[in-house]
Structure formats: C-alpha cells, structure tokens
Amino acid sequence: MARPGRNRYTGYLLLAPGALWLAAFFVIPFYSLVSASLFDPNGSVLTGYKMTFHVANFATVIRVYHSELFRSLWYAGLATLICLVIGYVLAYAIAFKGGRWRNLLLVLVIAPFFTSFLLRTLSWKLILSDHGFVVSTLQNLHLIGSNQHLLNTWFAVVAGIVYNFLPFMVLPLYASLEKIDGRLVEAANDLYASPFTAFFKVTWPLSLPGVVAGTLLTFIPSAGDYINQTLLGSPGGRMVGNVIQSLFTTTQDYAGAGALSVILMVVIIGLVLVYIRKAGTEELI
C-alpha cells in the first residue's frame, strides 16, 4: 500500500517542471521588463540605469508613440477579421467537404510553417513588387494606376500578416467545426430552416469556441509583429513592435521600450478580457 504522504506530493512533483519553466522563461523576464519600464529615463547603457520607479515613463511613451500603438491595433484587427472570413470558409470546407482528403488539406494548411517566417514574408515582397504579376495584372485591369504600387503600403503589411497567421485561425476553427454533429443541421433543415438560417442558428453558435480561440491566436501576435511592417511597409507606417525593437536595439532606451511593452501587454489583455466576456465564452479563460 502506498504511503499517504507520498501521494500528497505526487501532484506537486509533476507540476514542478512546468512551474520551473514558467518561472525561468516568463515570470523572471516579465519582472525584468516591468522593472525596466520604471528605470530613470536619463540613464544609459554606458552610465547605467537606476530604479527610480519613474511612472511618468508610461505617459511619455503614450504621448510620443500613441499613433504607432493605434496603428498596430488597427492592422491586427483588420488582419484578424480577414483571417476569420477566409479561415472559416476554408475550415468549413475541410471539415464538411474534405472527405478522405481532409488530412491532406490540413497538412497543406500548416505546410508554410515548415519554412522560415522571414522567408515567407520575403516571398510577399517579390509577389507585391512593382514588376510582379499582381501589380501588372491590377494595372492591366485598370484597378490601380500605372504609377501606383502595393509594396511599402499598409495593404502589403496587412496581406503579410494575414498570410503568416492564417493557419492560427484555421486550425481552431476546424477543431470546433469537426465536432459538430451533422444531424443537428439536418434536423434544422427538416424543420424548414433555410441553409442561411441553419448556419446562423446551429453551425455558427457551436463553432464560437473555435472563433474566439482563432481570433485570439491571430490578433495577439499580429499586434506585436514587426517583421511584416519592416519588410513590406514604409518607414512612416511603423507599428508598435518596430518602435519597441528600435528602442531596445538602436537607441537603447530601455526605460521607454519597457514602458511601451508593458502598455502593449496591458492593452491586449484588456481587449481580450472584454472580447471573451462579450462573446460569452468566459470558460475559455
């Protein structure tokens, strides 16, 4: 017979590796980031930073970089909405129409992850170049002028974000749609519901957990992304991720970079909590 004391600590021992991992790679870095946000802004890498609990750092970065912050949220929100529309159609087709090709289609969805994020973004730089097929076709169709271009615009940035984060939307949606019992839709049809009504009364509500999970997995990394803007956007359209990267590596303003990073996290967490509450899926958290 096992000793009662041994069983009492078994759960803690099993949780220990995960707890140590979180402490080493989340709690400690997060503490370091919050500490940096409260440094004396007059310090530098050469002279060192002093912990003065300078709360005014947050007001300063909001005043200086509020446009970049709003632009990041706008780009992320727009890209998430586009991913939702495209991803839902794709996930629906795979779940209900994929048949024996379902597994192959899922592999094709995640296939881009087998290549570098940087290479995937650079490919869009070639696709949207002024002499590329897309621009030439749009010019021939007179949808854009001969002097207009797509590269180094907000359109290119959003397109890159959509492409890179679309699988994060498709997979949770597929997981929710695949669980739906087809007999429920058939029952709605038997009750003389139109396909449109059956979708919004049966399929859509049952797929909401996947919608919420997919939008969160897409919006959160999109808001902090800076690779797509760096490679596809213009210098005047910087996102908050570009500002943070520049403050940390170029100007070495650790206090400003830390404060802006904390603000971004707080804003995203606040939006996520409100979104989940409004979506009626509080159990996800």
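Here the structure is shown first, and the text comes after it.
Notes on the structure in this doc start here. (Residues numbered from 1 in each chain as written. Predicted model: local features only at pLDDT ≥ 70, side-chain atom pairs only at ≥ 80, totals over all residues. Heavy atoms only, no water.)

## A few points about helix H4 (residues 117–127)
Among the residues of H4, those classed as buried are Arg120, Thr121 and Trp124. Summarising the axial view, the buried residues of H4 lie within an arc of 95°, below the 170-degree limit, and thus occupy one face. For H4, the exposed residues lying more than 90 degrees away from the buried face are Leu119 and Leu126. Check the buried side of H4 and you find it contacts helix H6 (154–178) and helix H10 (227–232). (Buried < 20%, exposed > 50% of the residue type's maximum accessible area, 1.4 Å probe, protein only. Helix = DSSP H or I, 4+ residues; strand = E, 2+ residues; numbered from the N terminus. Arc of directions from axis to C-beta. Contact = heavy atoms within 4.5 Å.)

## Comments concerning the packing of aromatic side chains
Scanning the model with the defined rule gives 17 aromatic pairs in all. Ring centres of Tyr49 and Tyr254 lie 5.6 Å apart, and the angle between their planes is 25°; this geometry places the pair in the stacked category. Residue Tyr49 is located in the loop between helix H1 (4–37) and helix H2 (56–97), and its partner Tyr254 is located in helix H12 (residues 254–279); the two are separated by 205 residues in the primary sequence. Under the relative-accessibility criterion, Tyr49 is labelled buried at 19%. With a centroid separation of 5.4 Å and an interplanar angle of 40°, the aromatic rings of Tyr88 and Trp204 are classed as tilted. You can see Tyr88 sitting in helix H2 and its partner Trp204 sitting in helix H8 (residues 195–206), a full 116 residues away along the chain. Under the relative-accessibility criterion, Tyr88 is labelled buried at 7%. (Phe/Tyr/Trp six-rings, centres within 6.5 Å; stacked < 30°, edge-to-face > 60°.)

## Structural notes on the side chain of Ser37
Topologically, Ser37 is positioned in helix H1. You can call Ser37 buried: its relative accessible area is 0%. Looking at Ser37, its side chain comes within polar contact range of the main-chain oxygen of Val34, at 2.5 Å. (Polar contact = N/O pair within 3.5 Å; in protein donor to acceptor, adjacent residues only side chain to side chain.)

## A short note on the pattern of salt bridges
Tallied over the entire structure, the rule returns three salt bridges. The shortest N-O distance in the salt bridge between Arg102 and Glu178 comes to 3.9 Å. Remark: Glu178 occurs in helix H6 and Arg102 occurs in helix H3 (residues 102–110); sequence separation between them is 76 residues. By relative accessible area, Arg102 is classed as partly exposed at 23%. Residue classification places Glu178 among the partly exposed residues on the basis of a relative accessible area of 39%. We note a salt bridge from Arg183 to Asp181, for which the minimum N-O separation is 2.7 Å. (Salt bridge = Lys/Arg side-chain N within 4 Å of Asp/Glu carboxyl O.)

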